[in-house]
Amino acid sequence: MLDRRHFLFSTGAAGAIGAAGVLGSAATSAQATDGGAAPLAPSLRRPGAGYVPVVTPNGSTLAWTLEDGVKVFRLSAEPVEREFAPGMKVRALGYNGESPGPTIECVQGDRVRILVTNRLGEHTTVHWHGIRLPNGMDGVGGLNQPHIKPGETWAYEFVVRDAGTFMYHPHADEMVQMALGLMGMFIVHPREEDEPVDRDFVLLPHAWAVHPGTYRPDPSVMNDFNLFTFNGKVFPATEPLVVRTGERVRLRLGNLSMDSHPIHLHGYSFDVTATDGGRIAKSARWPQTTVNVPVGSTRDIEWTADAPGDWALHCHKSHHTMNAMGHGIPNLMGVDVSAQGAKRSVEERLRALVPGYMTMGIEGMAEHAVHAEHMPGPPNTLPMMAGRGPFGPLEMGGMFTVVKVRDELVPGVDPGWYERPPGTSAWRVG
Amino acid sequence: MSPLSRSTSIGLVSALLALLAACSAPSSRVDREPVEALASNALGRPVAWPEERDARVALERELDALLAEPLEVDGAVRIALYRNESLRAELARLGVDAAELARSHTLANPSLSASLRFERGTEGVGVPEFALTRNLLDLFMRPARVELAADALTRARIELVQTVVQHAFAARDAYFRARAARHLLAVETLATEAADVGFELMRRLHDAGNASERELALEEAAAQNARVALSQAAEASDAAREALNRELGLWGADAQRWTVPETLPSLDDSAPPAANLEAYALTHRLDLRAAIAHADGLAASLGFERRWSALSFLGVGIVGERDGGEWSFGPEIELELPIFDRGEARVAELRAELEASEHELAARAIAIRSEVREAERHRQHALARARHFRERIVPAQQRVLDATQKEFNFMLVGAFELLDAKRAELEASRGAIEALRDAWLADSELARVLGAPLPGATPPEPPATTDGHDDAHAEHDHGG
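Cut-offs used in this document
- Each residue is numbered by its place in its chain's sequence as written, counting from 1.
- Both sets of labels track the order of writing: A upward for chains, 1 upward for ligands.
- In keeping with the model being predicted, local features are shown solely for residues with a pLDDT of at least 70 and side-chain atom pairs are shown and tallied solely at 80 or more, while totals for entire chains, interfaces and linings include all residues.
- Hydrogen atoms and water are omitted, and side-chain values are computed over all heavy atoms in the structure.
- Under the DSSP-based scheme used, a helix requires at least four consecutive residues in state H or I and a strand at least two consecutive residues in state E, with every element numbered from the N terminus.
- Using a 1.4 Å probe on the protein chains alone, a residue whose accessible area is under 20% of its type maximum counts as buried, one over 50% counts as exposed, and one in between counts as partly exposed.
- In what follows, residue pairs with any heavy atoms lying within 4.5 Å of each other are defined as contacts.
- Reported accessibility uses the Shrake-Rupley method at a 1.4 Å probe radius. Residues are deemed covered only where the shown protein chains occlude them.
- In predicted models, pLDDT denotes the confidence assigned by the predictor to each residue on a 0 to 100 scale.
- Pairing between strands is defined by DSSP: at least two bridges between the two strands are required.
- Geometry is summarised by axes, namely lines fitted to C-alpha atoms with helices restricted to the contacting stretch, and by angles between N-to-C directions that run from 0 to 180 degrees.
- By convention a nonpolar core is built from buried Ala, Val, Leu, Ile, Met, Phe, Trp, Tyr and Cys residues, the set being connected through side-chain atoms within 4.5 Å.
- Buried area: the accessible area, evaluated with a 1.4 Å probe, that two parts lose upon being put together, summed over both parts.
- In what follows, salt bridge is the name for a side-chain nitrogen of Lys or Arg lying within 4 Å of a carboxyl oxygen of Asp or Glu.
- The definition of a polar contact used here is a pair of N or O atoms within 3.5 Å, where within protein one atom must be able to donate a hydrogen and the other to accept one, and adjacent residues in sequence count solely through side-chain atom pairs.
- Two kinds of site are reported from a 1 Å grid over the protein atoms alone, namely cavities, where a 1.4 Å probe fits but cannot get out, and pockets, open sets with protein on both sides within 12 Å along at least five of seven lines, and residues are called lining when an atom falls within 4 Å of a point.
- Grid points are joined across faces, edges and corners, and a volume is the space filled by probe spheres set on the points.
- Gly falls in the polar group here, along with every residue not listed as nonpolar (Ala, Val, Leu, Ile, Met, Phe, Trp, Tyr, Cys, Pro) or charged (Asp, Glu, Lys, Arg).
- Centre distance within 6.5 Å is the pairing criterion for rings of Phe, Tyr and Trp, where only the six-membered ring of Trp is used; planes under 30 degrees apart are then read as stacked, over 60 as edge-to-face, and the remainder as tilted.
- When an angle is under 35 degrees it counts as roughly parallel; over 145 it counts as roughly antiparallel; between 65 and 115 it counts as roughly perpendicular; any other value is oblique.
- Think of the arc as the fan of directions from the helix axis to the C-beta atoms.
- Under the counting rule used here, the positive set is Lys and Arg, the negative set is Asp and Glu, and His together with the chain ends is not counted.

**Student:** Could you give an account of the overall build of chain A, with specific residues and numbers?
**Tutor:** Counting secondary structure elements, chain A contains five helices and 24 strands. Within the span of chain A, comprising 430 residues, buried residues form 52% of the whole. For chain A, the proportion of contacts with a sequence separation of at least 24, taken over those separated by at least 6, is 73%. Entry remark: accessible area of chain A is about 18,900 Å², with carbon and sulfur atoms responsible for 57%.

Next comes the structure, spelled out in structure tokens:
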């Protein structure tokens, strides 16, 4: 809400802000890279050594410029439109046109300067979650700094002391700004990689409340979230994680939602190698197949992709692998709706009143995925389950993606569905 | 004895006798044509009550045919005009007024006085003497009296037509009420089914172990409550049907067999409000015409009274006397001495009545103007509400139902929400029907207040068979 004072202030400062805004916008959009797939230049601090740049599926890595030995990043907090999947666009908040914002990637010891421009209607800040830095750079509005008012650009500058998987998000009207999608990952590569990997993926799960038929996340919802994304996408719009057989893979997971996400990888046992507090000693690691990513934490998992195939990777809370569903619908499981006595069946009577009625959920809800393909739903609303695989409906949504491990890969080409060698698939016996 | 010569006297006597006998009474048959014309004008449709047997039989057949088909409003009005016995009674009563008119054509009977005169010295033989006299004013006032009686007949006709019109409008209103009640009953039947199937579904859920006793009881309570509403709607429909039966004068099998279409007809509300409705009403309102006729009649009476009041003291007559064996006749003049009553009181009374009638006339006109404005606004508001229901509320509830269906498709809401949305849509339909019914009633009310159908409204085409009746009727009239 713009009050009069705010309005006057904004108008008075328009010249300066406008110029900065335009410049900032041009700089950030020109430098954004796509998906992080193109490797960045190696760290200037470690010339020649290089690192494997992270890949942010469905996202990007934030580009930087070098100014007097400082890596300068530009973030613009602004309204964005995010397509969760075809058929649903969300009026969210994000950075540089994306939600989550682009992944910031640098190397331990880098001096970074991050210019944050506020293009929101209210003030904001950025907190560099998990990063050890000077207190005045920590970004808690009112505690560490004045808020960044709409139209202002502020600089954060610090030397990143620790390698690891970190996050960034506002620490001002957090509840609203994070509910609407202002967040991103902050990856710091070590100066020297003790356990190098071939593929380094970044996934930031998030929980949203976008009521069916609406476009904007509802910040007043605290528990009853209905959409669950990996990097701002729901299955089947989530990009697969493509890996060559035998490669060492790292997956960095963050969590800035209000619920934990037990992320399960099929087909492998992995090690949880790091939290946002740092690397875990090898002796302390548990082999696991599911890593619970708590609220406000990050987890790195690593494994050797020695088993080719299409391997599911998903949050194991089943309602997180589906899209919006009514939580108050009657339980029709096992209900007999057939005709009893002289009257027509309940189904027929309901259809006579409401021609579109169709009994669903008597034997289960799997049929819904098929029904939803030919029955209209509310605008801007995804069916609760979707996706098709080589054998039919996947009946999934939300936090679900596929790790595609193949012996051969053609760069830039989707490897398609895995073709199982004969004799390696389940078969029908009855 | 009269100084007039015998020949003169005989000539005068003949003229007087002719005058006395001048009482050419009109036909006492009730002439319905003016009534039919007035009623046709007021109702915007041909109205005729055929008397000829063949025409009546044909009409009865036509009315039977109307009752066999779903009844439309014009058919209902037609039936009421011919079968409503109260209306027929009023029509018959017109004969009484016609008889009054016939009487007014007759002069007051002359008075005959007879006497035997015994002259002194005459033995036992009286001289008989007759005098036949009558008041001259009565004679000269005859045109005025005829006119007054004609005014009375006109007023009687107008009053009759007003009664006819009231009956026609009552039938029309009862028709729309009955038709709306039927539609409302259909809606309530659906609403009850919605509640009932909700209960049934919940029972099935309960049987499967998926719903609690409380949930089941809630659905049952809702379903049972819906049945009460259904019973009330059925009763209202029955009552509306009976009310229409009364207006149509139907009984027995006829009262049972008719139907009305399931829904109310739409009302064309596209025309802008007509201009000069007040003036229109003043030219059409029958009560105003009656008041004008009354004032005119009084004015005429006053004129006659002023001109001829002197004659009220004068009587003329014949006197006959038998003198010896001979009757001798001669004219007689009787003069009342205007010592106490010189007729001024009668003139003053008439003048006062005339003045009063003129004020009454003005008051009526002013009241009519106000009634027209009120009825016109009432109609506009009622039409606007009906349109609002039709164009806004019902579509909004339909969109709610559509949106609920879409949410249902995606398992965002369940069957009970879908039924709730259906019930809400039915509730909007109920409101729309009531609003449309009220608009029809308001439309009738304006026509009633105007004294004629709304200007610009196309009067319904008379059915083909009616023309035949009109011809038969005309022929009959000519014959009479």
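Next comes the rest of the description.
**Student:** Explain the confidence of the model for chain A to me, using residue names and the numbers behind them.
**Tutor:** Overall, the prediction assigns chain A a mean pLDDT of 88, with 89% of residues at 70 or greater. pLDDT under 50 marks residues 1-49 of chain A. Its contacts with residues more than four places away, or in other chains, come to 59 contacts.

**Student:** Which residues make up the sheet that holds strand S13 (residues 241-244) of chain A, and what values go with them?
**Tutor:** All names here are of chain A. Strand order in this open sheet of five strands is S13-S24-S21-S15-S19, and the pairing throughout is mixed. With one partner strand each, in any of the chains shown, S13 and strand S19 (290-293) form the two edges of the open sheet. For this sheet the average axis-to-axis angle between neighbouring strands, irrespective of direction, equals 20°. Note that strand S21 (residues 309-315) and strand S24 (residues 400-406) share six bridges and pair antiparallel. Looking at the pairing, Ala 312 lines up with Val 402 of S24.

**Student:** Account for the nonpolar core, with residues named and values stated.
**Tutor:** Residues and elements named next belong to chain B. By size, the foremost hydrophobic cluster in this structure holds 63 residues, and its most contacted members are Trp 49, Leu 71, Leu 81, Tyr 175 and Leu 248. Per-element tally for this core: the top contributor is helix H7 (residues 142-207), with 19 residues. Ignoring sequence-local partners within four residues, the contact set of Tyr 175 consists of Leu 71, Glu 72, Val 73, Ala 76, Leu 244, Val 260 and Pro 261.

**Student:** Residues and numbers for the interface of chain A and chain B, please.
**Tutor:** At the junction of the two partners, chain A supplies 39 residues and chain B supplies 28 residues. Here chain A packs against chain B, burying approximately 2,900 Å² in sum over the two surfaces, 68% of which is carbon and sulfur. Linking chain A with chain B are two salt bridges, by the criterion used here. Linking chain A with chain B are 13 residue pairs in polar contact (both at pLDDT 80 or more), by the criterion used here. Sort the elements by how many residues they give to the side of chain A that touches chain B and helix H4 (residues 346-353) of chain A lands first, with four residues.

**Student:** Summarise unusual backbone geometry; cite the residues concerned and give the values.
**Tutor:** The phi angle of most residues is negative, glycine excepted, and most peptide bonds adopt the trans form. Residue and element names in this part refer to chain A. The residue after Ser 99, namely Pro 100, is reached through a cis peptide bond having omega 0°. Relative to the helices and strands, Pro 100 is located in the loop between strand S3 (88-95) and strand S4 (104-107). The amide bond that connects Phe 235 to the next residue, Pro 236, takes the cis arrangement and shows omega of 10°. With respect to the element layout, Pro 236 can be found in the loop between strand S12 (227-230) and S13.

**Student:** Lay out empty space enclosed by the protein in plain terms, naming residues and giving numbers.
**Tutor:** Inspection of the entire model under this criterion finds four cavities of 30 Å³ or more. Computed from the structure, the largest cavity encloses a volume of approximately 100 Å³. Around the largest cavity, the lining comprises 13 residues; the ones closest to its centre are Ile 329, Pro 330, Leu 332 and Met 360 of chain A together with Met 411 of chain B. Around the second largest cavity, the lining residues are Met 88, Val 210, His 211, Pro 212, Leu 227, Asn 323, Ala 324, Thr 381 and Leu 382 of chain A. Looking at the lining of the second largest cavity, its residues break down into six nonpolar, three polar and no charged.

**Student:** Explain the pairing of strand S15 (residues 261-265) of chain A to me, and be specific about the residues and the numbers.
**Tutor:** Residue and element names in this part refer to chain A. With five of five residues buried, S15 is to be regarded as a mostly interior element. Burial of S15 is two-sided: the residues His 261, Ile 263 and Leu 265 facing one way and the residues Pro 262 and His 264 facing the other way are all buried. As judged from the four bridges shared by S15 and S19, these two strands associate in the antiparallel manner. Along S19, the bridge assignment pairs Pro 262 with Asn 292. Across three bridges, the pairing between S15 and S21 is antiparallel. Note that in S21 the partner of Leu 265 across the bridge is Leu 313.

**Student:** Give a description of the packing of aromatic side chains that names residues and reports values.
**Tutor:** Scanning the entire structure with this criterion turns up 13 aromatic pairs over all chains. Ring plane angle 35° and centroid distance 5.3 Å describe the contact between Tyr 357 of chain A and Phe 408 of chain B, whose orientation is recorded as tilted. Residue Tyr 357 of chain A is located in the loop between H4 and helix H5 (367-374), and its partner Phe 408 of chain B is located in helix H12 (residues 344-409); the two belong to separate chains. When the ring of Phe 176 of chain B is compared with that of Trp 440 of chain B, the centres are 4.4 Å apart and the planes differ by 15°; the resulting orientation is stacked. Of this pair, Phe 176 of chain B sits in helix H7 while Trp 440 of chain B sits in helix H13 (residues 415-450); the two residues are 264 residues apart in sequence, bridging distant segments of the chain.

**Student:** Can you explain the packing of helix H10 (residues 277-284) of chain B against H13 of chain B? Please cite residues and give values.
**Tutor:** The relative placement of two packed helices is expressed as an angle between their axes plus a distance between the axes. Residues and elements named next belong to chain B. Between H10 and H13, whose axes approach to 8 Å, the crossing angle comes to 60°. As far as their axial angle goes, H13 and H10 are oblique. For the pair formed by H10 and H13, the contact residues are Leu 277, Tyr 280, Ala 281 and His 284 on the first element and Leu 446, Val 449 and Leu 450 on the second.

**Student:** Before we move on, can you summarise the pattern of salt bridges with the specific residues and values?
**Tutor:** By the definition in use, this model includes 55 salt bridges over all chains. Its salt-bridge partner being Arg 203 of chain B, residue Asp 207 of chain B comes within 3.3 Å of it at the nearest N-O pair. Pair noted here: Asp 207 of chain B and Arg 203 of chain B are both in helix H7, with a separation of four residues, about one helical turn. When its relative accessible area of 51% is taken as the criterion, Asp 207 of chain B is described as exposed. Residues Arg 437 of chain B and Asp 438 of chain B are paired through a salt bridge, measuring 3.2 Å at the closest nitrogen-oxygen approach. Overlapping salt bridges, with partners in common, bring together Glu 193, Glu 195, Asp 200, Arg 248, Arg 250, Arg 252, Arg 279, Lys 282, Arg 285, Asp 300 and Glu 302 of chain A in one network.

**Student:** Account for the sheet that holds strand S6 (residues 127-129) of chain A, with residues named and values stated.
**Tutor:** All names here are of chain A. The strand order across the open sheet formed by four strands is S4-S9-S8-S6, and the pairing between neighbours is mixed. What marks the edges here is a single partner per strand, and that holds for S4 and S6. Shown here is a sheet whose adjacent strand axes are inclined to one another by a mean of 25°, direction ignored. One ladder, built from four bridges, connects S4 with strand S9 (residues 184-189); its direction is parallel. Its bridge partner lying in S9, Ile 104 is registered against Phe 186.

**Student:** Which residues make up the pairing of S24 of chain A, and what values go with them?
**Tutor:** All names here are of chain A. In terms of burial, S24 is a largely internal element, seven of the seven residues being buried. Taken together, the four bridges between S13 and S24 define a ladder with parallel strand orientation. Paired with Val 243 across the strands is Val 405, a residue of S24.

**Student:** With reference to specific residues and values, describe the side chain of Arg 45 of chain B.
**Tutor:** Inspection of the secondary structure puts Arg 45 of chain B in the loop between helix H2 (33-43) and helix H3 (53-68). With residues near it in sequence (within four places) discarded, Arg 45 of chain B still touches Ser 40, Asp 74, Val 77, Arg 78 and Leu 81 of chain B.

**Student:** Tell me what's going on with H5 of chain A, and back it up with residues and numbers.
**Tutor:** Considered for burial, the residues of H5 of chain A that qualify are His 368, Ala 369, His 371 and Ala 372 of chain A. Taken down its axis, H5 of chain A places every buried residue within 165° of arc, on the same side. Among the exposed residues of H5 of chain A, those oriented more than 90 degrees off its buried face are Glu 373 and His 374 of chain A. If you follow the buried residues of H5 of chain A, they end up packed against strand S23 (392-396) of chain A together with H12 of chain B.

**Student:** Break down the side chain of Glu 376 of chain B for me, citing the residues and quoting the values.
**Tutor:** Residue and element names in this part refer to chain B. Of note, Glu 376 is situated in helix H12. Arg 377 provides the closest opposite charge to the buried, unpaired Glu 376, separated from it by 4.0 Å. Filtering out sequence-adjacent residues up to four positions away, Glu 376 remains in contact with Pro 273, Leu 277 and Leu 446.

**Student:** How would you sum up the environment of Phe 235 of chain A? Please name residues and give values.
**Tutor:** Residues and elements named next belong to chain A. Of note, Phe 235 is situated in the loop between S12 and S13. On the basis of relative accessibility, which here comes to 7%, the residue Phe 235 falls in the buried class. Excluding anything up to four places from it in sequence, Phe 235 contacts Asn 323, Ala 386, Gly 387, Leu 394, Met 396, Gly 397, Gly 398 and Phe 400.

**Student:** Can you lay out the environment of Arg 155 of chain B for me, pointing to particular residues and giving the numbers?
**Tutor:** Relative to the helices and strands, Arg 155 of chain B is located in helix H7. Setting aside residues no more than four positions away along its own chain, Arg 155 of chain B makes contact with Ala 290, Ala 293 and His 294 of chain B.

**Student:** Report on the confidence of the model for chain B, specifying residues and quantitative values.
**Tutor:** Residues and elements named next belong to chain B. Taken residue by residue, chain B gives an average pLDDT of 81. The fraction at 70 or more is 75%. Averaged over each element, pLDDT in chain B is lowest for helix H14 (residues 464-479) (36) and highest for helix H8 (residues 213-248) (97). A low-confidence stretch, residues 1-10 (pLDDT under 50), is modelled with 13 contacts involving residues beyond four sequence positions or located in other chains. Here residues 459-480 scores under 50 on pLDDT; set against residues more than four positions off or in separate chains, the count is 26 contacts.

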